Amino acid sequence: MIRLLIADDHPVVRAGLRAVLESEPDFAIVAEAATAERAVELATEPGVDVDVVLMDLQFGPGSAMNGAQATAAITARAGAPRVLVVTTYDSDADTLPALEAGATGYLLKDAPPEELAQAVRSAAAGRSALAPSVADRLLERMRTPAAALSARETEVLGLVADGLTNQQISQHLHLSQATVKSHLVHIYTKLGVDSRTAAVREARGRGLIR
């Protein structure tokens, strides 16, 4: 029996995932969490035995952590459960931090029930399970590493897209303004553009940022 923890701030989503997963004979839902913090608590609680955490990436205002941070906190422990991210976001700005945090798999919420079930079983066995769009982009990053944005560059460009100035970005990421400018220069070179607006447009077109 594969024991599951569902972490999502939307009750309807949790109910939908529960309905799909409980139809599988080898799955058991042992806990649910509406915040990332609660997911970490349950996943590491001695009395709660969890094999796989189904983790959303974005939680509401009641949660100070996001899904990637919760994933890092869970997977940092010895003998930790596997984390399968189940979200609506598939940009590099979302996938890279989650995978770097230790997620075993990354699936989109519109995946067919059989794909979700297979991803859970793969995660429980320690095998990676990636949505096709995510797998394709990771493969493309491997093929053309010089043109791929780093996680930090993706983060910087995401803040540019949100309308932040270099000074605001430096404060938000605790970087010097010179470092922010350096990241932007590298971003422009990799994307083949020469302005912030063009960089954001190109990155969105490639699915690198939301």
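Let us look at the structure shown here. Every value quoted in this text rests on a predicted model; they were computed, and no experiment measured them. (Residues numbered from 1 in each chain as written. Predicted model: local features only at pLDDT ≥ 70, side-chain atom pairs only at ≥ 80, totals over all residues. Heavy atoms only, no water.)

With that settled, consider the overall build of the chain. Along its length, the chain carries 10 helices and six strands. A globule of 210 residues ought to have a C-alpha radius of gyration of about 17 Å, and the chain, at 18 Å, matches this closely. Oriented by its inertia axes, the alpha-carbon framework of the chain measures out at about 55 × 30 × 30 Å. Within the chain, buried positions represent 43% of all 210 residues. A sequence separation of at least 24 residues applies to 62% of the contacts in the chain between residues at least 6 apart. Total accessible area on the chain stands at roughly 10,100 Å², and carbon and sulfur atoms take up 53% of it. (Helix = DSSP H or I, 4+ residues; strand = E, 2+ residues; numbered from the N terminus. Rg over C-alpha atoms; globule rule 2.2 N^0.38 Å. Buried < 20%, exposed > 50% of the residue type's maximum accessible area, 1.4 Å probe, protein only. Contact = heavy atoms within 4.5 Å. Areas by Shrake-Rupley, 256 points an atom, 1.4 Å probe, with all protein chains shown as cover.)

Next up on the list: the pattern of salt bridges. Here the structure, examined in full by the defined rule, presents 17 salt bridges. The closest approach of N and O atoms between Arg18 and Glu32, which form a salt bridge, is 2.7 Å. Note that Arg18 is positioned in helix H1 (residues 11-21) and Glu32 in strand E2 (residues 27-33), a separation of 14 residues in sequence. Of the residues examined, Arg18 reaches a relative accessible area of 25% and is grouped as partly exposed. Here Glu32 falls in the partly exposed class, since its relative accessible area comes to 31%. Here Asp92 ties to Arg137 by a salt bridge, and the two come within 2.8 Å at their closest N and O atoms. In this pair, Asp92 sits in helix H4 (residues 92-100) while Arg137 sits in helix H6 (residues 132-143), placing the two residues 45 residues apart along the sequence. (Salt bridge = Lys/Arg side-chain N within 4 Å of Asp/Glu carboxyl O.)

Glancing now at the packing of helix H2 (residues 36-44) against helix H3 (residues 67-75). Between H2 and H3, whose axes approach to 9 Å, the crossing angle comes to 15 degrees. Viewed along their axes, H2 and H3 adopt a mutual orientation that is roughly parallel. Taken as a pair, H2 and H3 cross one another with a handedness that is right-handed. When H2 is examined against H3, the residues Ala36, Ala39, Val40 and Ala43 are found in contact with a partner set consisting of Ala70, Ala73 and Ile74. Classifying every residue of the contact of H2 with H3 by side-chain character gives seven nonpolar, no polar and no charged. (Axes fitted to C-alpha atoms, helices over the stretch in contact; angles between N-to-C directions. Parallel < 35°, antiparallel > 145°, perpendicular 65-115°, else oblique. Left-handed = near helix turned anticlockwise from the far one by under 90°. Nonpolar A, V, L, I, M, F, W, Y, C, P; charged D, E, K, R; others polar.)

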